[in-house]
Amino acid sequence: QVQLVESGGGLVQPGGSLRLTCAASGSIFRINAMGWYRQAPGKQRELVAIITSASRQNYADSVKGRFTISRDNAKNTVYLQMNSLKPEDTAVYYCVADVIRSTMFTASNKYWGQGTQVTVSS
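Residues numbered from 1 in each chain as written. Predicted model: local features only at pLDDT ≥ 70, side-chain atom pairs only at ≥ 80, totals over all residues. Heavy atoms only, no water.

Tell me about the pattern of salt bridges, and please be specific about residues and values.
What the rule picks out here adds up to 5 salt bridges. Put simply, Arg38 and Glu46 hold a salt bridge, and the shortest N to O gap is 2.8 Å. Given a relative accessible area of 6%, Arg38 falls into the buried group. The partly exposed category is assigned to Glu46, whose relative accessible area is 37%. (Salt bridge = Lys/Arg side-chain N within 4 Å of Asp/Glu carboxyl O. Buried < 20%, exposed > 50% of the residue type's maximum accessible area, 1.4 Å probe, protein only.)

As structure tokens, this is what we get:
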């Protein structure tokens, strides 16, 4: 009943930029943290960036200074602005949200999007 849909991926040259969007919908009372993971072929999924409901942010060292995560709580949407892209950023990027579905409890569950492909190549 909770769905995350990513968009904005594509093919860009090194040094280029992309903006990823993830919109959550369904049975949602509140979303705590939201974030982005990525997974390249043959590699494990890794955390890229997270943002809390108060817009506090954290980033993987590999993307600090290049990527910016933000969110619109009213729209249950999280964004990832990716600048100065490098070939090593190539991966499928997955959105994740920590969702509280019940009005009675604060317990939350993680929900994942289907992923969007980001390819950085010249």
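Could you give an account of the nonpolar core, with specific residues and numbers?
Counting 31 residues, the largest nonpolar core has Trp36, Leu80, Met82 and Tyr93 as its most contacted members. Sorting the residues of this core by element identifies strand S1 (2–7), strand S3 (18–26), strand S4 (30–39), strand S5 (46–51), strand S7 (67–72), strand S8 (77–82), strand S9 (91–100) and strand S11 (116–120) as the ones contributing at least two each. Counting residues per element, this core draws most heavily on S9, which supplies 5 residues. Excluding anything up to four places from it in sequence, Tyr93 contacts Glu6, Leu20, Trp36, Tyr37, Arg38, Val48, Phe67, Leu80, Met82, Gly115, Thr116 and Val118. (Core = buried A, V, L, I, M, F, W, Y, C linked by side-chain atoms within 4.5 Å. Helix = DSSP H or I, 4+ residues; strand = E, 2+ residues; numbered from the N terminus. Contact = heavy atoms within 4.5 Å.)

For the packing of aromatic side chains, give the residues involved together with the corresponding values.
The description of an aromatic ring pair rests on the distance of the ring centres and on the angle between the ring planes. The full count for this structure, using the stated rule, is 1 aromatic pair. In this structure, Arg19 packs its charged tip against the face of Tyr79, placed 4.5 Å from the ring centre. Here the guanidinium or amino end of Arg45 rests over the ring plane of Tyr94, the centre of that ring lying 3.8 Å away. (Phe/Tyr/Trp six-rings, centres within 6.5 Å; stacked < 30°, edge-to-face > 60°. Lys NZ or Arg CZ within 6 Å of the ring centre and 35° of its normal.)

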